[in-house]
Amino acid sequence: MTQLQTTHSEPAFGDDVVLLTVPADGGYLGVLRTATAGLAARLHFALDEIEDLRIAVDEACAMLLAIATRGADLECRFAVTDDALTVEVTVATVRGARLPSESSFAWKVLTALTTSASAEANGRHATIRLLTRRTEN
């Protein structure tokens, strides 16, 4: 079941937060790519920035799908500010799962396409966080 929930975080941060949960299956990545593009367009990102972010989200999700438990959900949190979009994707992982090293091609892609990329894994869940700031025209 796909869930879409929009919430507003504490006013101190001024972020709009969109939470989207989809099955951890490659067939649902289009939903996350579309949401990413829509939110980036809302921030008036340039078309090439939107496409870069879509590719980065797709790559991050592919990394997580490779280590997801059977029947897991991808939980995607989008935080929107005046000039940036943060995308945080989390999935339940199989025991002993590891994300690719930061020197891997996948991480090179993430860091080239976003302002910053980071990850954490605790043995039960893994999260990849992408931050993209809009360039001033």
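Description of the structure in this document. (Residues numbered from 1 in each chain as written. Predicted model: local features only at pLDDT ≥ 70, side-chain atom pairs only at ≥ 80, totals over all residues. Heavy atoms only, no water.)

## Overview of the pattern of salt bridges
Per the counting criterion, the structure on display carries six salt bridges. Among the salt bridges present, the one from Arg33 reaches Asp58, with a minimum N-O distance of 2.6 Å. Of the two residues, Arg33 is situated in helix α1 (residues 29-42) and Asp58 in helix α2 (residues 47-65); the sequence distance between them amounts to 25 residues. Residue Arg33 is classed as partly exposed on the basis of its relative accessible area, which comes to 26%. Residue Asp58 is classed as partly exposed on the basis of its relative accessible area of 27%. Here Glu88 and Arg129 are joined by a salt bridge, their closest N and O atoms 2.7 Å apart. (Salt bridge = Lys/Arg side-chain N within 4 Å of Asp/Glu carboxyl O. Helix = DSSP H or I, 4+ residues; strand = E, 2+ residues; numbered from the N terminus. Buried < 20%, exposed > 50% of the residue type's maximum accessible area, 1.4 Å probe, protein only.)

## Notes on the packing of α1 against α2
Direction vectors running N to C along α1 and α2 enclose 145°, while the axes themselves pass 9 Å from each other. For the crossing formed where α1 meets α2, the hand is right-handed. Residue-level inspection shows Leu29, Leu32, Arg33, Thr34, Thr36, Ala37, Ala40 and Ala41 of α1 in contact with α2, the latter providing Ile50, Leu53, Arg54, Val57, Asp58, Cys61 and Leu65. The residue inventory of the contact of α1 with α2, partitioned by class, reads ten nonpolar, two polar and three charged. (Axes fitted to C-alpha atoms, helices over the stretch in contact; angles between N-to-C directions. Left-handed = near helix turned anticlockwise from the far one by under 90°. Contact = heavy atoms within 4.5 Å. Nonpolar A, V, L, I, M, F, W, Y, C, P; charged D, E, K, R; others polar.)

## Quick notes on the environment of Leu29
With respect to the element layout, Leu29 can be found in helix α1. Taking the C-alpha atoms as reference points, Leu29 and Cys61, 32 residues apart in sequence, are found 7.5 Å from one another. Residues contacting Leu29, with those up to four places away along its chain left out, are Asp58, Cys61, Leu65 and Leu74.

## Thoughts on the environment of Ala66
Tracing the chain through its elements places Ala66 in the loop between α2 and β3 (73-80). Residue Ala66 is classed as exposed on the basis of its relative accessible area, which comes to 65%. Between the C-alpha atoms of Ala66 and Ala24, which are 42 residues apart in sequence, the distance is 9.6 Å.

## Here's the deal with the side chain of Glu49
On the secondary structure map, Glu49 appears in helix α2. Buried and without a salt bridge, Glu49 has Arg134 as its closest oppositely charged side chain, separated by 6.4 Å. Within the local environment of Glu49, its side chain forms a polar contact with the side chain of Thr135, the two groups lying 2.6 Å apart. Among all residues touching Glu49, those that are not within four sequence positions of it are Arg133, Arg134 and Thr135. (Lys, Arg positive; Asp, Glu negative; His and termini not counted. Polar contact = N/O pair within 3.5 Å; in protein donor to acceptor, adjacent residues only side chain to side chain.)

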